[in-house]
Amino acid sequence: MFAGLPELGISNGEDLKETLTNCTEPLKAIDQFQTENGILLPTLQSALPFLDLHGTPRLEFHQSVFDELRDKLMERVATIAEGKEEDRYGKLEELLEKSFPLVKMPSIQPVVMQVLKHLPKVPEKKLKQVMADKELYKVCAVEVKRQIWQDNQALFGDEVSPLLKQYIVEKEAALFSNDLSVLHNFFSPSPKTRRQGEVVLKLTQMIGKNVKLYDMVLQFLRTLFLRTRNVHYCTLRAELLMSLHDLDISEICSVDPCHKFTWCLDACIREKFVDAKRARELQGFLDGVKKGQDRVLGDLSMILCDPFASNTLVLSTVRNLQELLGQDALPRDSPDLLLLLRMLSLGQGAWDMIDSQVFKEPRLELEVVTRFLPAMLSVVVDDYTFTVEQKLPSEEKTSLTYPTTLPDAFIKFLQENRVACEMGLYYVLHIAKLRNKNALQRLLPALVETHNDMAFGDIFLHLLMGQLTLLSDEFGTEEFCAAVFDGFLLTSFSSKENVHRHTLRLLLHLHHKILPSRLEALMKTLEPPKQSSDPVKDLYTQLTEKLEAQKKSPPQPAETPSLDLGLHPVTVPTTASAPTTPI
């Protein structure tokens, strides 16, 4: 407990033991030991007997004085460090030399740690001693740990790794949340809110202003993204940079070539739209990547691969297409649309670029603009034509039925092109948001086969399940259930456990709307096999319990027809009234 005192010429317990062992008059020896090792203040000696008369133990008095002096010393260390004196760090190093031998003494340790914390460059020998002792390493300030980490990537990796795992777990938990809602989904939190998350704040604190540590974290994120293809690492890459931006850490922001691009894109994500002014700014950054700086494209592609960025780009694309339709203009004639597609393409090519280390912008297939988008717009026109037809007076109606097939080009590009597939999926979400049952029944079967099975990805399914709650009443019809379950979800649930989970999430929310015979069949089909994971089994158990509780509860009495003659709510139309409906 008192290790290190002899090094400083201060007596400890062993010295007292030796004195008492070898002395002839113990009381005199104790008195002399107290005088030599007590507080060296002549006027104090006459005052101490008064404390004895009041029954105050000498230990208690000395402890209170010691605590007071220690607090004053720690304040003084902070004052010296924050001062302007040229030799301030020299003074602190001198104090460190004197106090470090007592670093294992609990009462002195805070002083040593305070000195270490305020030294911008701790002597190498002391850093190694702290690093070699687990207990010391654990209690030292993050400012000291940064100095250890910057030359020990493996140790830093051990500290960062649990945080990165926690981040991914939190993102996936949000995608599988039992709360299905259009208003509160995965993309609802603002960028600023997301940056207040525990992991981002901890990483930001660990990095501080240290560019070397920031680069290490980015390398960890690139490596993990490459190893797992998990796009949430791309989100964290952008969030971390913007968190440092929020704190005005210019030491890092000024050297990250992606900073201004990310800042501009962050504003677009906040607005959920890329306006013309910001589109020009983003294009300027992309066009400004000079030869020799090609590797910057790898980081820019990761930032664009962030699902929050992709979501904003595709929403902007759909809105752009609606405007073109209203203007009778072609997709190929819109520079803003072509830029959005360029950024989508760059983001979706992130993994390939980092994997191949060939830092070139992927070329957007021209036919996406000349064939796929016109095919998609033709689907919109079909829908609009049918809607207008239904509103005509009966004598003007023709025998027009709602189309059941889709243009070949639309289906082909969903299967073969990443950018086209992403836009196609968001168009389906757009249709669901408009409660357009007919269009949804027409589109869902086309999603069974998509590029890289993108339609069965967690982000799309998470959003789709939320949008389907808007059509809850339609689940009372066999036709709609057949399109959603038989035509889409059940085609892959047995081979893709995530689809199984999302389907159960939907049923937990809408089971009371589904026809009993259909629900019974779904429960048999969706019963988890033994090898299923716990989350699937838990969801199925929750659903089973809900259905049991529903059977036991008495049916609600039918509502008495209201005699109120006031205003009644207007029924929401089930189809899009115009192709220019805002998203």
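Remember, it's a predicted structure, so these values are computed and weren't measured experimentally. (Residues numbered from 1 in each chain as written. Predicted model: local features only at pLDDT ≥ 70, side-chain atom pairs only at ≥ 80, totals over all residues. Heavy atoms only, no water.)

This paragraph deals with the overall build of the protein chain. From N to C terminus, the protein chain includes 31 helices and zero strands. Relative to its full complement of 583 residues, the protein chain shows a buried share of 45%. A separation threshold of at least 6 residues defines the contact pool for the protein chain, and within that pool the share at least 24 residues apart is 72%. (Helix = DSSP H or I, 4+ residues; strand = E, 2+ residues; numbered from the N terminus. Buried < 20%, exposed > 50% of the residue type's maximum accessible area, 1.4 Å probe, protein only. Contact = heavy atoms within 4.5 Å.)

Below, the discussion takes up helix H25 (residues 418–433). Helix length check: H25 (16 residues) gives 23 Å between terminal C-alpha atoms against 22 Å at 1.5 Å per residue, within 8%. Most of H25 is tucked away, with 14 of its 16 residues classed as buried. At the exit of H25 stands Arg435, carrying a positive phi of roughly 60°. (Expected span 1.5 Å × (residues − 1).)

Further remarks concern the nonpolar core. The biggest cluster of nonpolar side chains holds 165 residues, and the ones touching the most others in it are Phe460, Leu468, Phe475, Phe485, Phe488 and Leu506. For Leu468, the contacting residues outside a window of four places in its chain are Leu440, Phe475, Phe480, Val484, Leu506 and Leu510. (Core = buried A, V, L, I, M, F, W, Y, C linked by side-chain atoms within 4.5 Å.)

Another point: helix H28 (residues 478–486). Residues Phe480, Cys481, Ala483, Val484 and Phe485 constitute the buried set of H28. On the buried face of H28, the contacting elements are helix H26 (437–443), helix H27 (458–468), helix H29 (497–510) and helix H30 (516–525).

Across all of its chains, the model carries twelve aromatic pairs by this definition. Taken together, a centroid distance of 5.2 Å and an interplanar angle of 80° make the contact between Phe186 and Phe187 edge-to-face. Across this residue pair, the class does not change: Phe186 and Phe187 are buried. Centre to centre, the rings of Phe261 and Phe285 are 6.3 Å apart; their planes meet at 75°, and the pair counts as edge-to-face. Note that Phe261 is positioned in helix H17 (residues 259–271) and Phe285 in helix H18 (residues 276–287), a separation of 24 residues in sequence. (Phe/Tyr/Trp six-rings, centres within 6.5 Å; stacked < 30°, edge-to-face > 60°.)

As a further point, take the layout of surface pockets. There is about 950 Å³ of room inside the second largest pocket. Every residue lining the second largest pocket is counted, 31 residues in all, and those nearest its centre are Arg229, Val231, Glu422, Met454 and Ile459. Listed by contribution, the elements that provide at least two residues to the lining of the second largest pocket are helix H11 (153–175), helix H14 (211–228), helix H20 (307–326), helix H21 (335–348), helix H22 (350–356), H25 and H27. Broken down by class, the residue content of the lining of the second largest pocket amounts to 15 nonpolar, nine polar and seven charged. (1 Å grid on protein atoms, 1.4 Å probe; cavity = no way out; pocket = protein on both sides within 12 Å on 5 of 7 lines; lining within 4 Å. Points joined across faces, edges and corners; volume = space filled by probe spheres on them. Nonpolar A, V, L, I, M, F, W, Y, C, P; charged D, E, K, R; others polar.)

So, about the environment of Leu429. Along the polypeptide, Leu429 turns up in helix H25. Between the alpha carbons of Leu429 and Gln467 there is a distance of 6.9 Å; along the sequence they are 38 residues apart.

Taken as a whole and judged by the stated rule, the model has 30 salt bridges. Here Arg70 and Asp67 are joined by a salt bridge, their closest N and O atoms 3.5 Å apart. Of this pair, Arg70 and Asp67 are both found in helix H5 (residues 58–82), three residues apart, which corresponds to roughly one turn of the helix. Close ionic contact of Glu416 with Lys412 constitutes a salt bridge, the shortest N to O distance being 3.2 Å. (Salt bridge = Lys/Arg side-chain N within 4 Å of Asp/Glu carboxyl O.)

Look at H11 against H14: their axes get within 11 Å of each other, and the N-to-C directions meet at 60°. Classified by the angle their axes make, H11 and H14 are oblique. Crossing angle aside, the handedness with which H11 passes H14 is right-handed. Along the contact surface, H11 presents Gln153, Phe156, Gly157, Val160 and Leu164, while H14 presents Leu213, Met216, Val217, Phe220, Leu221 and Leu224. (Axes fitted to C-alpha atoms, helices over the stretch in contact; angles between N-to-C directions. Parallel < 35°, antiparallel > 145°, perpendicular 65-115°, else oblique. Left-handed = near helix turned anticlockwise from the far one by under 90°.)

Its identity as a non-glycine residue notwithstanding, Lys272 has a phi of 55°, on the positive side. Take Lys272: it is sitting in the loop between H17 and H18. Here the phi dihedral of Arg435 falls at roughly 60°; this positive angle occurs in a residue that is not glycine. The topology assignment puts Arg435 in the loop between H25 and H26.

Let us look at empty space enclosed by the protein. Over the atoms, a rolled probe matching the size of one water molecule traces out where space is still vacant. According to the stated counting rule, one finds three cavities of 30 Å³ or more in the structure shown. Taken as a whole, the second largest cavity holds about 90 Å³ of empty space.

A surface patch of nonpolar side chains, amounting to about 280 Å² of accessible area, comprises Leu20, Leu27 and Ile30. Summarising the element assignment, Leu27 is placed in helix H2 (residues 26–37). (Patch = residues over 30% accessible without salt bridge, like charges linked within 9 Å, V, L, I, M, F, W, Y side chains within 5 Å. Areas by Shrake-Rupley, 256 points an atom, 1.4 Å probe, with all protein chains shown as cover.)

Right, let's talk about the confidence of the model for the protein chain for a bit. It should be kept in mind that the predicted coordinates are not to be read in detail where pLDDT is low. Here the protein chain averages 86 in pLDDT, and 90% of its residues register 70 or above. Of the regions scoring below 50 in pLDDT, residues 558–583 engages in 35 contacts with residues more than four places distant in sequence or in other chains. (pLDDT = per-residue confidence, 0-100.)

Following the sequence through the fold, Lys117 ends up in helix H7 (residues 109–118). Since its relative accessible area comes to 34%, Lys117 is described here as partly exposed. Spatially, the C-alpha atom of Lys117 lies 7.7 Å from that of Cys140, the residues being 23 residues apart in sequence.

In this section: the state of the cysteines. Evaluation of the coordinates by the stated rule reveals zero disulfides. Here Cys268 stays unpaired: no disulfide links it, and the sulfur of Cys264, its closest cysteine neighbor, is 4.9 Å away. Residue class for Cys268 comes out buried when judged on its relative accessible area of 0%. (Disulfide = S-S within 2.5 Å.)

What follows covers the environment of Asp473. Counting through the fold element by element, Asp473 comes out in the loop between H27 and H28. Each C-alpha atom, one on Asp473 and one on Lys513, is 6.4 Å from the other, the two residues being 40 residues apart in sequence. Here Lys513 takes part through its side chain, which lies 2.8 Å from a polar atom of the side chain of Asp473. (Polar contact = N/O pair within 3.5 Å; in protein donor to acceptor, adjacent residues only side chain to side chain.)

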